[in-house]
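Structure assessment
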Amino acid sequence: MISFKTVLSGFYWRSSFCKLLKQSTRPLTMSSIEIGKKAAATAAVNDWLKDNQKVGIGSGSTIVYAVERIAERVKNENLKISCVPTSFQAKQLITEHELTLSDLERTPELDLVIDGADEVDKDLVLIKGGGGCLVQEKIVASCAKDFIVIADERKDVKKLGDNWKKGIPVEVIPMAYLPVKGKLESLLGGEAILRLAKSKAGPVVTDNGNFILDCHFSDCMKDDWYKVNLQILATPGVVDTGLFVKMANKVYFGTTDGKVTTRLPNSN
Ligand SMILES: O=C[C@H](O)[C@H](O)[C@H](O)COP(=O)(O)O
């Protein structure tokens with residue numbers, strides 16, 4: 001007859017074996033892309049964050065490392081920093097890391113904004129909004145003295161669209177999405193595709209309650225993003241675009257081996 005002790009020890013060994021198996025199948029190291037993101041984020045925070053600053057916090061996956069480093073420095077150096085979010089996600093990051101949360105009503109002028117990007121060209125024009133955040137990001141960036149961008153090296157391109165194949169995000173008022181789609185397609189060629197949600201039927205709804213058109217333009221002047229941005233903005237129903245032209249002051253690119261390169265607006 002099997003004793004209670006034998007059953008218990010069998011259970012113990014089985015669960016230990018399962019734990020071991022789980023550990024051995026789990027990646028032990030950070031992926032090389034994440035190493036690049038973290039390196040860029042850490043370097044930017046080390047270079048730019050100073051005591052008593054008002055800081056805008058961007059959105060996406062790279063900004064997570066920046067917030068971690070900000071929280072570390074706030075704690076270790078006893079810094080007084082207030083943070084303005086650019087999205088629901090950014091707000092959560094700020095509160096989770098016990099940083100001081102502010103907003104543009106209390107803090108309309110910022111010293112610094114740190115944010116990620118989907119692509120950065122040689123002139124520091126950015127595509128943003130791959131994660132559905134662009135309008136609040138652009139507003140917050142426009143309120144800052146310095147707008148610092150952090151990205152892994154895949155985002156560093158000669159021309160916008162070299163790597164980023166998902167189009168230029170344009171946030172639109174929901175009732176206008178179809179006419180805006182038609183107008184943008186006839187204005188700039190190509191296709192403007194309504195972004196659909198992954199775990200919900202229907203479109204992605206932004207933090208502002210709007211829709212996103214991902215625009216794959218064929219006829220637009222791809223060397224004059226300033227003009228393209230203005231043309232899109234002139235269409236009624238468009239809230240803003242994911243094109244950030246002449247906004248970034250410095251970009252930090254992190255490589256897969258943890259090195260960081262930087263680019264200034266006219267350092268090509
Ligand atoms: O919509 C998302 C934001 O614009 C992000 O900053 C951008 O997509 C970059 O995100 P990630 O750091 O995840 O590459």
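Worth saying up front: this structure is predicted, and the values here are computed from it rather than measured.

1. A short note on the sheet that holds strand 6 (residues 126-127)
Ordered in space as 5-6-12, the 3 strands form an open sheet in which the pairing is antiparallel. The open sheet has two edge strands with one neighbour each: strand 5 (119-120) and strand 12 (243-244). Pairing geometry for strand 5 and strand 6, over 2 bridges, is antiparallel. Counterpart to Val-120 in the pairing with strand 6 is Leu-126.

2. Digging into the sheet that holds strand 8 (residues 168-172)
Pairing in this open sheet of 4 strands is antiparallel, and the strands run 9-10-8-11 from one edge to the other. A strand with exactly one partner marks an edge of an open sheet, and here the two such strands are strand 9 (191-194) and strand 11 (238-241). The average undirected angle you get between the axes of adjacent strands in this sheet is 30°. Helix 7 (residues 225-233) rests against strand 8 and strand 11 of the sheet, and its axis sits at about 165° to strand 11.

3. Examining the domain arrangement of the protein
In terms of domain boundaries, the protein breaks down into domain 1 (32-157 + 245-258) and domain 2 (168-236). For domain 1 and domain 2, the distance between their C-alpha centroids amounts to 25 Å. The interface of domain 1 with domain 2 comprises 16 residues on the first partner and 11 residues on the second. Together domain 1 and domain 2 conceal approximately 990 Å² of surface at their shared face, both sides included; 58% is due to carbon and sulfur atoms. Of all residues in domain 1, Gly-132, Leu-134 and Val-245 give up the largest surface area on contact with domain 2, accounting jointly for 35% of the area buried on that side. At the boundary of domain 1 and domain 2, one finds 0 salt bridges. If you tally residues by element for the side of domain 1 that touches domain 2, the top one is helix 5 (residues 135-142), at 3 residues. For the side of domain 1 that touches domain 2, the class distribution of residues is 6 nonpolar, 6 polar and 4 charged.

Procedures and definitions
Residues numbered from 1 in each chain as written. Predicted model: local features only at pLDDT ≥ 70, side-chain atom pairs only at ≥ 80, totals over all residues. Heavy atoms only, no water. Pairing = 2+ DSSP bridges. Helix = DSSP H or I, 4+ residues; strand = E, 2+ residues; numbered from the N terminus. Axes fitted to C-alpha atoms, helices over the stretch in contact; angles between N-to-C directions. Contact = heavy atoms within 4.5 Å. Domains from an automatic or database assignment. Buried area = accessible area lost by both parts, 1.4 Å probe. Salt bridge = Lys/Arg side-chain N within 4 Å of Asp/Glu carboxyl O. Nonpolar A, V, L, I, M, F, W, Y, C, P; charged D, E, K, R; others polar.

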